[in-house]
Amino acid sequence: MTREEFEELVAEALDRIPPELTRLMDNVAVFVEDEPPADDPELLGLYEGTPLTDRGEWYAGVLPDRITIYRGPTLRMCETREDVVAETEVTVVHEIAHHFGIDDERLHALGYG
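Residues numbered from 1 in each chain as written. Predicted model: local features only at pLDDT ≥ 70, side-chain atom pairs only at ≥ 80, totals over all residues. Heavy atoms only, no water.

If you check an unreviewed UniProt entry, the protein appears there as Metallopeptidase family protein from Streptomyces spongiae.

As structure tokens, then:
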């Protein structure tokens with residue numbers, strides 16, 4: 001799968017997020033990278049920033065939070081295009097949930113681990 005095709009899958013996954021949630025997202029940007037950091041080669045996605053639940057009066061003038069979805073590990077772990085579509089959607093939802101302050105333990109319980 002080309003990078004462009006993968007980026008389109010990420011965009012489609014974002015489009016499936018309910019509008020009532022996307023309206024609440026604040027100061028966050030989503031990126032696609034080919035590979036994760038070398039110290040975590042199987043990482044599918046990463047949220048970097050300050051979750052909405054941790055922001056206070058001090059939160060102003062900061063760079064956007066960053067959600068990165070990694071193409072390489074996703075393609076290596078999936079056998080079919082359908083698997084890639086499903087895994088990409090789960091990863092996008094997982095990382096957006098971190099933006100809302102939901103931790104990994106809760107996400108695993110909800111089936112987004």
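Next comes the rest of the write-up.
Some words on the confidence of the model for the protein
Mean pLDDT over the protein stands at 93; residues scoring 70 or higher make up 100%. Across the protein, the secondary-structure element scoring lowest on mean pLDDT is helix H5 (residues 104-109), at 87, and the one scoring highest is helix H3 (residues 71-77), at 98. (pLDDT = per-residue confidence, 0-100. Helix = DSSP H or I, 4+ residues; strand = E, 2+ residues; numbered from the N terminus.)

A short note on the packing of aromatic side chains
Summed over all chains, the structure comprises 1 aromatic pair. Between Trp 58 and Tyr 59 the ring centres are 5.6 Å apart and the planes differ by 80°, which places this aromatic pair in the edge-to-face class. Exposure remark for Tyr 59: the relative accessible area of 15% places this residue in the buried category. Over the ring of Phe 31 we find Arg 66, and its NZ or CZ is 3.9 Å from the ring centre. (Phe/Tyr/Trp six-rings, centres within 6.5 Å; stacked < 30°, edge-to-face > 60°. Buried < 20%, exposed > 50% of the residue type's maximum accessible area, 1.4 Å probe, protein only. Lys NZ or Arg CZ within 6 Å of the ring centre and 35° of its normal.)

Some details on the sheet that holds strand E2 (residues 45-48)
One open sheet accounts for 3 strands, arranged E1-E3-E2; its pairing is mixed. Where the open sheet ends on each side, the last strands, each with one partner, are strand E1 (28-33) and E2. Strand after strand, the sheet turns through a mean of 15° between neighbouring axes, direction not considered. Where E1 meets strand E3 (residues 65-70), 6 bridges bridge the pair, whose relative direction is parallel. (Pairing = 2+ DSSP bridges. Axes fitted to C-alpha atoms, helices over the stretch in contact; angles between N-to-C directions.)

Structural notes on the nonpolar core
Counting residues in hydrophobic clusters, the biggest one holds 14 residues, and the most contacted among them are Phe 6, Val 10, Ile 67, Ile 69, Val 84, Val 92 and Ile 96. It is helix H1 (residues 3-15) that provides the largest number of residues to this core, a total of 4 residues. (Core = buried A, V, L, I, M, F, W, Y, C linked by side-chain atoms within 4.5 Å.)

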